Amino acid sequence: TALWAGGSGWFIYGQGSDLYLAGARGGAPAQKLLPRPETAADPLLWVSGQGLIYRAANNEGMAQLRLLPLAGVPAVTPTAQAASPEVTATVTPAAPVTVTLTAIHMLDAQMGWGMANPVRVLRTTDGGQTWQDVTPVEITASSRDVTVANTNSYFRDALHAWLAVPNGDGNHLRIYRTSDGGQSWQSADIEPEGMGAQFSFIDDQHGWLLLHQGVAAGSEAVTVLGTADGGATWQALNSANPQNTQAGALPFGGDKSGIAFSDLQTGWVTGAEPVDGLVYLYVTHDGGRTWQPQKVDMPKGFEKAQTGAQPPVFSSPQDGLLPVVLWQEQTAIVLYRTQDGGATWTAGEPFSAPEVGLMACPERAPGLAWVIYSSGKEIGTTKDGGATWQKVTPQPALQDAYIQLDALDAQHAWIVGEGALLRTQDGGQTWERIEPSLAR
């Protein structure tokens, strides 16, 4: 029951012995009004947590409600009047603002980062249920066509993240960086032209960027850049293009899929090339300045397969997994494992799948990987770097169109689907559907 109401949309209601100020249209939560004993001589005088005094006075039989400011606080709400002390008002809670995720990176079972379209950088602290928008203000206020399709992100930990976004001239990227969990961002434009990139950081200061600069039939131009100041400045280290014939240059041939470093000197560029029996893998031992091909043996039964390699994932400077898709008469995935910092790579058992969908190798779980068939009917997991695989049949079968798989450990994983987020906490046997929303 409303005790005081007015055309401005505000009203006061009683609950027990307390009074509350609320908005008839919902939105902000109701505020409890606290009495001021030192001014008890006034007819009614209440103070809210927002620092405004609410004074109710009798004006020739008409009930009148006014907001008066405290010292230094401007009045912001107009006079409100009640025609009757028995006016009934219903406060409808505001509906949650849903968000369509395009990618996530969970750091533990509760905390993680996410991306949404148009480009929004998000953070969650409740396992993906609600998300806080921490997008750089320059991006949200821009009229540039900035979408997830032309943006790349890298989330290292709870504080450090990087974004590569078109800077507006159609030819260059702007790199945004944060060291406080997205509360503030700094940016720097990089000089070489390019419109796509992947990051690799070994700490919060030392990182590399693979800049994509154009493709031809089975070939791609790229430049490798490095930073030693967290991304404030970037230096070009090597480039792959038809004009660069220097020894140690990355080859122009092959489509490049990404870059990964295990320490200050050692890193890899991966990709695919239409050549039988070859894993596209180039290694550097001088921080990215020169590159050489690194040969790995094809797994038994797939000696003539064509391959697509993804950047290796290291759980420590010594222990890493190199995911490779094999195309022959059947499709399979094989994990190459290193336990000597990438000096040698040993192929595991190929995991045959008629329809490979999504794959994830958690950074914090040595030897662990997840694979989901694109049909959603089966999930494959390994805990020993691909030496053996276990199959899980989710009940019911996963039905959504999937975009990304993010795995934390052997029990916890998330699937980003079109319009939904799925989460498992039992190794993929059952999946909970989450409707992500923005924190209010």
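Note that this is a predicted model, so its numbers are computed, not measured. (Residues numbered from 1 in each chain as written. Predicted model: local features only at pLDDT ≥ 70, side-chain atom pairs only at ≥ 80, totals over all residues. Heavy atoms only, no water.)

Quick word on the sheet that holds strand β16 (residues 173-178)
Taken together, four strands build an open sheet; the order of strands is β14-β15-β16-β17 and the sheet is antiparallel. Each end of this open sheet is capped by a strand with a single partner; those strands are β14 (152-155) and β17 (186-189). Between one strand axis and the next, the sheet turns by 15 degrees as a mean value, whatever way the strands run. Two strands pair when backbone bridges link them, and strand β15 (residues 161-166) and β16 are joined in this way by six bridges, in the antiparallel orientation. Counted as the bridge partner of A161 is T178 from β16. (Pairing = 2+ DSSP bridges. Helix = DSSP H or I, 4+ residues; strand = E, 2+ residues; numbered from the N terminus. Axes fitted to C-alpha atoms, helices over the stretch in contact; angles between N-to-C directions.)

Notes on the pairing of strand β20 (residues 219-227)
The side chains of a regular strand alternate between the sheet's two faces. Burial of β20 is extensive: nine of the nine residues sit out of reach of the surface. On β20, burial covers both faces: S219, A221, T223, L225 and T227 on one face and E220, V222, V224 and G226 on the other are all buried. Joining the antiparallel neighbours strand β19 (residues 207-216) and β20 is a turn of two residues, in which G218 adopts a positive phi near 75 degrees. Pairing of β20 with strand β21 (residues 235-240) involves five bridges; the strand directions are antiparallel. Considered in β21, the bridge of L225 is made with A236. (Buried < 20%, exposed > 50% of the residue type's maximum accessible area, 1.4 Å probe, protein only.)

Let's talk about the environment of A240
Among the secondary structure elements, A240 is positioned in strand β21. As for A240 and L250, which are separated by ten residues in sequence, their C-alpha atoms are 4.8 Å apart. Setting aside residues up to four positions removed in sequence, A240 forms contacts with E220, A221, V222, L250, P251, F252 and K256. (Contact = heavy atoms within 4.5 Å.)

No statement about biological role is implied by the geometric values presented.
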